[in-house]
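The lines below spell out each chain.
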Amino acid sequence: MKSTEQTTVIHSNTIPRDDVTGLVLAGGRARRMGGIDKGLVLLNGKPMIEHVIGALRAGTGHLLINANRNLEQYAEFGYPVIPDIADGYLGPLAGMASGMRAAGTRYIVTAPCDTPLIPGNLVQRLCETLIREDADISVAHDGERLHPVIALMRCELLPSLLAYLNEGQRKVDLWYARHRLAIADFSGETGAFINVNHPEERTELENRLARHACRC
């Protein structure tokens with residue numbers, strides 16, 4: 001029979017589920033989507049953010065939504081909604097900083113609201129990579145490119161991130177370069193990290209998913 005401790009740990013390298021907060025990043029302007037809030041755009045009958053929530057909840061004990069508009073609509077998903085730490089749409093790092101400050105856990109794992117196909121084992125593999133390489137941040141790489149905002153990071157990095165933002169800096173990769181970075185290998189899963197930025201991409205993805213469902 002499994003011990004209680006074994007049943008509360010979901011990651012093979014000993015990061016307990018309750019030590020990780022999922023953070024869905026939905027705080028952008030969505031200019032390429034014509035200003036429509038991407039997280040609320042329907043894909044296969046569900047808002048895109050709902051797909052992302054499902055994947056993150058598979059590997060976390062807590063969840064937050066970072067949004068700067070439509071706060072009441074996002075709150076309907078049942079999780080706390082937090083805006084950026086400062087006005088002006090400062091980019092994903094501002095959302096990450098808000099998440100670190102609000103989380104109350106040792107780690108946050110982030111994913112944008114327009115990545116509806118992220119795998120259910122995302123958090124587990126990011127955790128395994130971070131622990132194995134004794135890193136501060138682990139980031140998903142699909143074998144072709146890095147996905148900087150699909151990442152797990154230690155919340156103790158908050159002072160560093162706030163200082164970086166106060167310098168007027170916004171680039172994710174340059175802040176990552178200040179810390180121990182590990183690359184989580186998701187080679188062969190390129191399609192899992194697709195971003196839906198345009199209405200045409202949403203339609204194309206929906207049609208593709210429908211064709212796949214028919215073949216199954």
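Above this text sits the structure in question.
Residues numbered from 1 in each chain as written. Predicted model: local features only at pLDDT ≥ 70, side-chain atom pairs only at ≥ 80, totals over all residues. Heavy atoms only, no water.

### Focus on the pattern of salt bridges
Here's step 1: Applying the stated criterion across every chain yields a total of eight salt bridges.
Here's step 2: For the salt bridge of Arg 125 with Glu 189, the shortest nitrogen-to-oxygen distance reads 2.8 Å. Of this pair, Arg 125 sits in helix H5 (residues 122-132) while Glu 189 sits in the loop between strand S9 (181-185) and helix H8 (199-215), placing them 64 residues apart in sequence.
Here's step 3: A residue is classified by how much of its surface remains accessible, and Arg 125, at 22% relative accessible area, is partly exposed.
Here's step 4: Using a relative accessible area of 24% as the deciding quantity, one classes Glu 189 as partly exposed.
Here's step 5: Residues Arg 180 and Asp 134 are paired through a salt bridge, measuring 3.3 Å at the closest nitrogen-oxygen approach. Here Arg 180, found in the loop between helix H7 (172-176) and S9, pairs with Asp 134, found in the loop between H5 and strand S7 (137-141); they are 46 residues apart in sequence, far enough to count as distant.
Here's step 6: Look at the salt bridges and you will find they share partners, linking Asp 134, Asp 136, Arg 154 and Arg 180 into a network. (Salt bridge = Lys/Arg side-chain N within 4 Å of Asp/Glu carboxyl O. Helix = DSSP H or I, 4+ residues; strand = E, 2+ residues; numbered from the N terminus. Buried < 20%, exposed > 50% of the residue type's maximum accessible area, 1.4 Å probe, protein only.)

### Notes on the sheet that holds strand S8 (residues 146-154)
Here's step 1: Sheet architecture is open: seven strands sit in the order S5-S4-S1-S6-S8-S7-S9, paired in mixed fashion. Each of the sheet's edge strands pairs with one partner strand only, and the pair in question is strand S5 (81-82) and S9.
Here's step 2: The pairing of S7 with S8 spans five bridges and is antiparallel. Looking at the pairing, Ile 137 lines up with Met 153 of S8.
Here's step 3: The sheet strands contacting helix H4 (residues 92-103) are strand S1 (20-26), strand S4 (62-67), S5, strand S6 (107-112) and S8, and the helix crosses S1 at an angle near 145°. (Pairing = 2+ DSSP bridges. Contact = heavy atoms within 4.5 Å. Axes fitted to C-alpha atoms, helices over the stretch in contact; angles between N-to-C directions.)

Shape descriptors only; they carry no functional weight alone.
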